[in-house]
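Spelled out, the chains give:
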Amino acid sequence: MKRMTKITLAVSMALAASSVLAGCGKEGSGNEAAGQKNLSGDSSVPAKIVDTTPVTLKFAVHLPINDEFKRLYIEPVQKKYPHITLELISASSFAAYDKMIAAGELPDLYLSFNGNMPGLKERGINEDMTALFERNKIDLNRFQSNFLDDIKYAATEKGELYGLPIETGFHALFYNKEIFDKFGVAYPKDGMLMEDALETARKMTRLQDGVQYRGWDMGSVVRMAQPLGMEYIDRKTQKAIMTSDGWKRAFEMGKQIYEIPGNAPSSSADKNGTKGFMTDRSIAMLNQTNIFSQLKEAEKTGLQWDVVQHPFYKEKPNTYGNSTVYMVGVVPTSKYKEQALQVMEVITSDEVQMNVSKAGRISPLKNEAVQKAFGQGDESLKTKNVAGILKSKPVKYPIYLFREIAEPLTEKKFNGFLSGKEDVNTTLRELDEEINKAIAIEKK
């Protein structure tokens, strides 16, 4: 990976300043001596004094900062800790962090996802919070262990925990009920194998009344490979591993789907098929992640949709792809780590997470009542089969070295595989060579 000399220098200077402040009593023993709040709620620990001095925390956020986000996460913080003001900064790319670093204006805490941990670590934005959680008696047993593991595994082999999960993504199969009714075909159901969905796609792909209906848009070959937990690069050798049986399986399944006459992939302008499904309404089934907000808007103009469990490979029953784990963490240079932990305490609380689940976002908590409430707070979701989504679990989050190189090359090679005459073994062998060549150039 490229070295970030200027950014590293800026972060180092900020960290040094933070160390000086720590020595002046802003952190560590000074706060402990003053007796800060016990965030765990453990009654066996004496009550501690909360510093209510007004403070503004800069909060870098990857998720869309819309009304729902503010209602779910920001308003509860304001209600419980009125002395804390959160200055929200949209940060959905590394470029946004690079800009903050260059300006010397690092945030106090951030909300990102597990796949971004290596890039944020390179920029000095995250730190291992394990010791901080232990000192403040944060109960990690409240969280489903696989989501904590995904945070650790995606970032490092050392098991560092850079923050707490607040919600997770999912994969599901959405379908257009109107098209199925039109063709007299039974709706998709929970528990389908990939091959079952393929047969349904064959029945639903047809030209009728001048409209080319497509049975199934899988989004991308990468998405088809995710339920198998496929990686691009071996961590130890840093060489491509695309000739594996799993990638072969995904390429071949993808080709079977798109070789159905009339079911060619969406255009580059509609890469993931969402326009064809929601606007043109010519796609019968669509593999996607959480698109509830878009679907609710499309429903207002007549889209009749429902959802079922994501189809799975027989080798990996009841398994969908990567679960994007959205998480919140403290930036090492922050002078307000106590207040940042208070924010984290609120947005991972049972009360807030219950509302998160009701809104149709998967909570990472073990709490069964929270899990059962999934989608039940939204009137438009109450009639949908959202419970089917939870019948599958995500794969262990893969290690994605050089993803920005390997993923585009994989998609390009798959498109060539669809239109060319090369067999899958030759295609994947060539893909290995192309990725390794690109990595070698990047390293130089």
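Along each chain, residue indices are assigned from 1 in the same order as the chain's sequence is written. The predicted nature of this model means local features are confined to residues of pLDDT at least 70 and side-chain atom pairs, given and counted, to a pLDDT of 80 or more, with totals for whole chains, interfaces and linings taken over all residues. Neither water nor hydrogens contribute to the side-chain values; these are computed over all heavy atoms in the structure.

The chain appears in an unreviewed UniProt entry as Extracellular solute-binding protein from Paenibacillus allorhizosphaerae.

1. Concerning the sheet that holds strand 7 (residues 211-217)
Let me state the cut-off plainly: One requirement defines pairing of two strands: DSSP has to find at least two bridges between them. Helix numbers and strand numbers start at the N terminus; a helix is a DSSP run of H or I with at least 4 residues, a strand a run of E with at least 2. Under this scheme, a helix contributes an axis fitted over its contacting stretch, all axes are lines through C-alpha atoms, and angles between N-to-C directions fall in the 0 to 180 degree range.
Here 5 strands make up an open sheet; going across it, the order is 6-7-8-5-9 and the pairing mixed. The open sheet is flanked by strand 6 (206-208) and strand 9 (305-309), the only strands paired with a single partner. Taken pair by pair, the neighbouring strands of this sheet meet at an average axis angle of 25°, ignoring direction. Of the strand pairs in this sheet, strand 5 (residues 172-176) and strand 8 (residues 283-288) are connected by 4 bridges, and their pairing is antiparallel.

2. Observations regarding the sheet that holds strand 1 (residues 55-61)
Note the cut-off: Any two residues whose heavy atoms approach within 4.5 Å are treated as being in contact.
Overall, mixed pairing links the 5 strands, which are arranged 2-1-3-11-4 in an open sheet. Taken across any chain shown, the strands that pair with only one partner, and hence form the sheet edges, are strand 2 (84-90) and strand 4 (164-168). For this sheet, the mean angle separating the axes of adjacent strands, direction not counted, is 25°. Note that strand 4 and strand 11 (residues 325-330) share 4 bridges and pair antiparallel. Bridge assignment links L164 to a residue of strand 11, and that residue is V328. Contacting strand 1, strand 2, strand 3 (109-113), strand 4 and strand 11, helix 14 (residues 337-347) runs over the sheet at an angle of about 155° to strand 11.

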